[in-house]
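One-letter residues, chain by chain:
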Amino acid sequence: MSFNHQQIEKKWQSYWEENKTFKTNTFSEKEKFYALDMFPYPSGVGLHVGHPEGYTATDILSRMKRMQGYEVMHPMGWDAFGLPAEQYAIDTGNSPAEFTAKNIATFKRQIKELGFSYDWDREINTTDPNYYKWTQWIFIKLYEKGLAYIDEVPVNWCPALGTVLANEEVIDGVSERGGHPVIRKPMKQWMLKITAYADRLLEDLEELDWPESLKEMQRNWIGRSEGAEVTFKIDGHNEEFTVFTTRPDTLFGATYAVLAPEHPFVKKIVSDAQKEAVDNYLHEVETKSDLERTDLAKDKTGVFTGAYAINPVNNEKMPIWVADYVLMSYGTGAIMAVPAHDERDYEFATKFELPIIEVVAGGDVTTEAYTGDGKHVNSDFLNGLDKTEAISKMIAWLEEKGVGEKKVTYRLRDWLFARQRYWGEPIPVIHWEDGSMTTVPEEELPLVLPEMKEIKPSGTGESPLANNIEWVNVVDPKTGMKGRRETNTMPQWAGSCWYFLRYIDPDNTEKLADPEALEKWLPIDIYIGGAEHAVLHLLYARFWHKFLYDIEVVPTKEPFTKLFNQGMILGEGNEKMSKSKGNVVNPDDIVFSHGADTLRLYEMFMGPLDASVAWSTNGLDGARRFLDRVWRLIVNEEDGTLAAKIIDGDNSDLDKVYHETVKKVTEDFENLHFNTGISQLMVFVNEGYKADSLPKAFIEGFVKMLSPVAPHLAEELWEKLGHTSTITYETWPAYDESKLVEDEIEVVLQVMGKVRSKINIAKDASKEELEKVALEDETLQKWLEGKTIRKVIVVPGKLVNVVAN
RNA sequence: GCGGGUGUGGCGGAAUUGGCAGACGCGCUAGACUUAGGAUCUAGUAUCUUCGGAUGUGGGGGUUCGACUCCCUUCACCCGCACCA
């Protein structure tokens, strides 16, 4: 008979719930530990086996930290706005709110059945008006500080969804959800000025304990580059344009200029002779999707505009071309082309037979672009200088002449913050009939999303809210002026930018959260979630946090001190789990058949937390087998009492393995090496089976160490061991360093670096002693026969290596 | 193409600073118990072998008394970015 997981798990889940075992005391005297999971979007399909991986990791840490005397904040909530609920509403006519509530209920049940130690009194939901009141409040603050603005930008307009999509929601030119075609269309949009924080977002990465790869991704995303802006006059026009370059030192080698097809000057400067060619080219580019533009990138295209720019350093005339290898969205949308020292310009110049002038020596510009460093040539006052010197001298020259300046640009762009959707936080802004615009007064927050009978696209590009005349139209009670509410809502990212703050003080009606509480609990000690949020969510959340820091709402510059990305759980065939492949494992089934403890244990034992490992039914069975073995070691199966082997006294045979286990498990869990920590628990159980007697103190220590991983089983065993209340706040075991080392240790004897023999010797034997004993060893002597000893290497406590030939 | 990472038994994976490669689990083999075993317990399990040993951490080379670990080179796979001036 093995243990009855269904009964035990239910019993302890009820116990924890009734006793509010995991309730966090906000102003506890204890040291704090804040363990955060990336809260899920409660989709209609329910929990995936991938979810519990990260959740179990943080739960293990939380449970261990509680036992180590910390006050632990370990909350859960719902990122519940989002397109699927809206799509569902449009398709079925049902309410997104009801649909979402139902999904949350399912998620909550599933998560509770896994035995995570969340403080459910802190549960938050981004769609709750009491929550999004503060999301709206933050928006108003951003607006007041000039960080939210309206701009007309080309957006991804999806006629089928009747909405605008963010770049990250467009995959290969079609919408991520639904796969509908997407076209580009200019539209008035709310933007957040994240670029104002670019430098700080970049610099402060240094101090974060995050995976290096992830920090690198953020650095690349921000894409800072230093250079200069240079202004070019246009020959025969009273206009000038500005280019950005990282190599102002090569200005003497600039032989032509290129404008992006979307550049406003293109149409102004084009000559009559070239007009038709340019128009055709622009039309061709417009009809290409982004994908096609990338695909065709291998072969550069472009057209001469007929206009010439004047190179400010030498007054040479440079033809201005239009080409789609220059992007409107980066820099100024215009470049000076230096074909001798830029690979793209070189390729273009070669194709269109434009001149190539070498200005940096060191390469062979007749065969390829030279991008390395070297002495400058053909460059007047820069001749003889190297790259760094030439760059600063040129910048100084440009600034002096007023035709350029030092400039930093970023790949990062401002954040498109408006969505033409119903199911999102309403943006608290009113547009008045006199053309002015105000935010909704703070005391009127939350601006509640109105319930609507029918949710359908307005057809105009506005959100379905535009259909709700009653809600949209407002009259100022004081002046009688008419106004119209903003119909755009916020993107899903908004609510997840600050949810970890609200957990700290979820019911506060006066403030986003009590500053004293924030002071105690920030920053977050560990944040675990999927790598898919490596850039966007984590960058946006850092941006908002820094803003809140600036307006003195939060006390820290960064929200997440330590972050870790869990890997993916793949299907048995080593492919991503998906409905279409039919290889999806449902956590409910596993909880039913094997139990939550087994699922938790298995997911932690599969491999390192950051690795992507295939699901294995055999492996799952193995995890259950281990828990059964633990049960049988401790419980007498005949009558359910404690096993007779468990004694009150000592068993010195188990001293070493027990103390080793305490040490390894403690350190491994702390470092998120759950697979190796669990393997050590297995080693202890194997030794326990071999032993004649099991000191009760060791068994209690073992059950405590098992409890973060398999909490239900551990509580049950703890009760069998004679305790009457939860194991949650029992003291985490300590180890005795002196028990780890034995007096006599095994030393390896090598000849020429190969192990030939082993001896047992006192652990503190001296070098001389070791050498002597080694050379006297019979087996070793056999190997040394007929050889001359050249050298003996002794590593005390480890090995003796004899070099002989 | 650029940036980051990973390559270890039949499989998932272990291995402080260079010091016994393969912990632990899965699978497999044998034995015990058993009416039975797809339960449980015990033992074994990298490869080759003339049973002395020899070889072995993607491939090739190097440093070292000694390399999974350090260096060079090469191949494969994964992730991110994709003309970023």
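Here the structure is a predicted model, which means the values were calculated and not measured. Numbers given for residues are sequential positions, taken from 1 along each chain in its written order. To read the labels, note that chains go from A and ligands from 1, taken in the order they are written. Local features in this predicted model are restricted to residues whose pLDDT is 70 or higher, and side-chain atom pairs enter the listing and the counts only when it is 80 or higher, whereas totals over whole chains, interfaces and linings include all residues. Neither water nor hydrogens contribute to the side-chain values; these are computed over all heavy atoms in the structure.

(A) Spotlight on the protein's contact with RNA strand B. T246, R344, M606, K758 and N801 are the nearest of the 49 residues found near RNA strand B. Of all atoms in RNA strand B that approach within 4 Å of the protein, 64% are sugar or phosphate atoms. Those elements that provide at least two residues to the surface near RNA strand B are α7 (212-222), β11 (240-245), α20 (617-634), α22 (674-690), β28 (744-751), β29 (754-762), β30 (789-795) and β31 (799-804). Charged means Asp, Glu, Lys or Arg here, nonpolar means Ala, Val, Leu, Ile, Met, Phe, Trp, Tyr, Cys or Pro, and polar covers whatever is left, Gly included. Considering only residue class, the surface near RNA strand B consists of 22 nonpolar, 12 polar and 15 charged. Residues are classed as near a molecule or strand on a simple rule: at least one heavy atom within 4 Å of it. Strands here mean DSSP runs of E at least two residues long; helices mean DSSP runs of H or I at least four residues long; both are numbered from the N terminus.

(B) Expanded view of the environment of R502. Looking at the element boundaries, R502 is found in helix α15 (residues 499-502). Pairs of N or O atoms within 3.5 Å make up the polar contacts considered here, provided that, within protein, one atom can donate a hydrogen while the other can accept it, and that residues adjacent in sequence are counted only when both atoms are side-chain atoms. Side-chain polar atoms of R502 contact the backbone oxygen of P506, separated by 3.1 Å.

(C) The arrangement of the sheet that holds β29 in detail. By this definition, two strands are paired if DSSP reports at least two bridges between them. A sheet is described by the order of its strands in space; here 4 strands give the open sequence β29-β28-β31-β30, paired in mixed fashion. Of all the strands in the sheet, just β29 and β30 have a single pairing partner and so form its edges. Adjacent strand axes in the sheet meet at a mean angle of 20° when their direction is disregarded. The pairing of β28 with β31 spans 4 bridges and is parallel. Within the sheet, the bridge partner assigned to L749 lies in β31 and is V800. In what follows, a contact means two residues having at least one pair of non-hydrogen atoms within 4.5 Å. Lines fitted to the C-alpha atoms define the axes, with helices restricted to the stretch that makes contact. Angles between their N-to-C directions range from 0 to 180 degrees. Contacting β28, β29, β30 and β31, helix α25 (residues 767-776) crosses the sheet at an angle of about 125° to β30.

(D) Spatial organisation of the pattern of salt bridges. Salt bridge, as used here: a side-chain nitrogen of Lys or Arg that lies within 4 Å of a carboxyl oxygen of Asp or Glu. Across all of its chains, the model carries 44 salt bridges by this definition. Between K141 and E442 there is a salt bridge; the shortest N-O distance is 2.8 Å. Pair noted here: K141 is in helix α5 (residues 129-144) and E442 is in the loop between β19 (437-439) and α13 (469-472), with a separation of 301 residues, a long-range link. Each of the salt bridges in this network shares a partner with another, and the network as a whole consists of D204, R542, K546, K557 and E558.

(E) View of helix α21 (residues 655-670). Take the residue count of a helix, subtract one, and multiply by 1.5 Å to get its expected span. Here α21 is 16 residues long and its end C-alpha atoms lie 23 Å apart, about the 22 Å a rise of 1.5 Å per residue gives. Partly exposed residues are those whose accessible area sits between 20% and 50% of the maximum for their type, while under 20% is buried and over 50% is exposed, using a 1.4 Å probe and protein chains only. If you check which residues of α21 are buried, you get D655, V657, Y658, H659, T661, V662, V665, T666, D668 and F669. Each element contacted by the buried residues of α21 is listed here: α2 (51-67), α22 and α23 (696-706). One or two steps after α21, the chain reaches L672, where phi turns positive at roughly 65°.

(F) View of helix α24 (residues 711-720). In terms of residue burial, α24 counts as a mostly covered element, since 8 of its 10 residues are buried. Along α24, the positions that sit buried rather than exposed are P711, H712, L713, A714, E715, E716, L717 and W718. Check the buried side of α24 and you find it contacts α1 (5-19), α2, α19 (596-605), α20 and α23. Residue G722 follows α24 closely and has a positive phi angle near 100°.

(G) Fine view of the domain arrangement of chain A. Just so you know, the domain bounds were taken from an automatic or database domain assignment. Entries for chain A in the domain assignment read domain 1 (32-79 + 86-121 + 498-570), domain 2 (139-219 + 414-485), domain 3 (225-409), domain 4 (587-738) and domain 5 (742-804). A straight line from the C-alpha centre of domain 1 to that of domain 4 covers 28 Å. Contacts between domain 1 and domain 4 engage 32 residues on the former and 33 residues on the latter. A quick way to say it: buried area is the sum, across both parts, of accessible area lost when two parts are put together, with a 1.4 Å probe. In this assembly, domain 1 packs against domain 4 so that about 2,900 Å² is buried in total across both faces, 65% of it on carbon and sulfur atoms.

(H) Representation of the packing of aromatic side chains in the model. Any two rings among Phe, Tyr and Trp, with Trp reduced to its six-membered ring, count as a pair given centres within 6.5 Å; such a pair is stacked if its planes are under 30 degrees apart, edge-to-face if over 60, and tilted if neither. Counted according to the given criterion, the structure contains 46 aromatic pairs. With centroids separated by 5.7 Å and ring planes inclined at 15°, the aromatic side chains of F232 and F241 adopt a geometry described as stacked. One exposure class covers both F232 and F241, and it is buried. Taken together, a centroid distance of 5.1 Å and an interplanar angle of 85° make the contact between W415 and F417 edge-to-face. Of the residues examined, F417 reaches a relative accessible area of 0% and is grouped as buried. One aromatic cluster in this structure is built from F139, Y143, W190, Y197, W415, F417, W493, Y540, F543 and W544. One cation-aromatic arrangement involves K520 over W521; the distance from NZ or CZ to the ring centre is 5.6 Å. Criterion for a charge above a ring: Lys NZ or Arg CZ within 6 Å of the ring centre, and within 35 degrees of the ring normal. Geometry around Y689 places K645 over its ring, the cationic atom sitting 5.9 Å from the centre.

(I) Region of the structure containing the confidence of the model for chain A. Each residue gets a pLDDT score, which is the predictor's confidence in that residue and runs from 0 to 100. Counting all residues, the mean pLDDT for chain A is 89, and 97% of those residues have values of 70 or more. When mean pLDDT is compared element by element in chain A, strand β2 (residues 71-73) scores highest at 98, while helix α10 (residues 290-295) scores lowest at 56.

(J) Main features of the packing of α2 against α19. Between α2 and α19, whose axes approach to 9 Å, the crossing angle comes to 100°. What the angle tells us is that α2 and α19 run roughly perpendicular. For the pair α2 and α19, the contacting residues are P52, E53, T56, A57, D59, I60 and R63 in the first and R600, E603 and M604 in the second. Along the lines of polarity and charge, the residues of the contact of α2 with α19 split into 4 nonpolar, 1 polar and 5 charged. For this classification, under 35 degrees means roughly parallel, over 145 means roughly antiparallel, 65 to 115 means roughly perpendicular, and everything else is oblique.

(K) A look at the side chain of T231. With respect to the element layout, T231 can be found in strand β10 (residues 225-234). Dropping the residues within four chain positions of it, T231 is found in contact with E240, F241, T242, P312 and V403.

(L) Spatial organisation of the packing of α20 against α23. In the contact formed by α20 and α23, the axes pass within 12 Å of each other and the chain directions differ by 155°. When the axis of α20 is compared with that of α23, the two are roughly antiparallel. In the crossing of α20 with α23, the sense of the turn from one axis to the other is left-handed. Seen from α20, the contacting residues are F626, L627, V630, L633 and I634; seen from α23, they are I699, F702, V703 and L706. Looking at side-chain class alone, the contact of α20 with α23 contains 9 nonpolar, no polar and no charged residues. Here is the rule for handedness: rotate from the far helix to the near one, and if that takes an anticlockwise turn smaller than a right angle the crossing is left-handed, while a clockwise turn gives right-handed.

(M) Spotlight on the sheet that holds strand β18 (residues 429-432). Ordered by their spatial adjacency, 4 strands build an open sheet running β19-β18-β21-β20, and the pairing between neighbours is antiparallel. One side of each edge strand has no neighbouring strand; the edge strands of this open sheet are β19 and β20 (473-475). When the angles between neighbouring strand axes are averaged without regard to direction, this sheet yields 35°. The sheet contact formed by β18 and strand β21 (residues 482-485) spans 3 bridges and is antiparallel.

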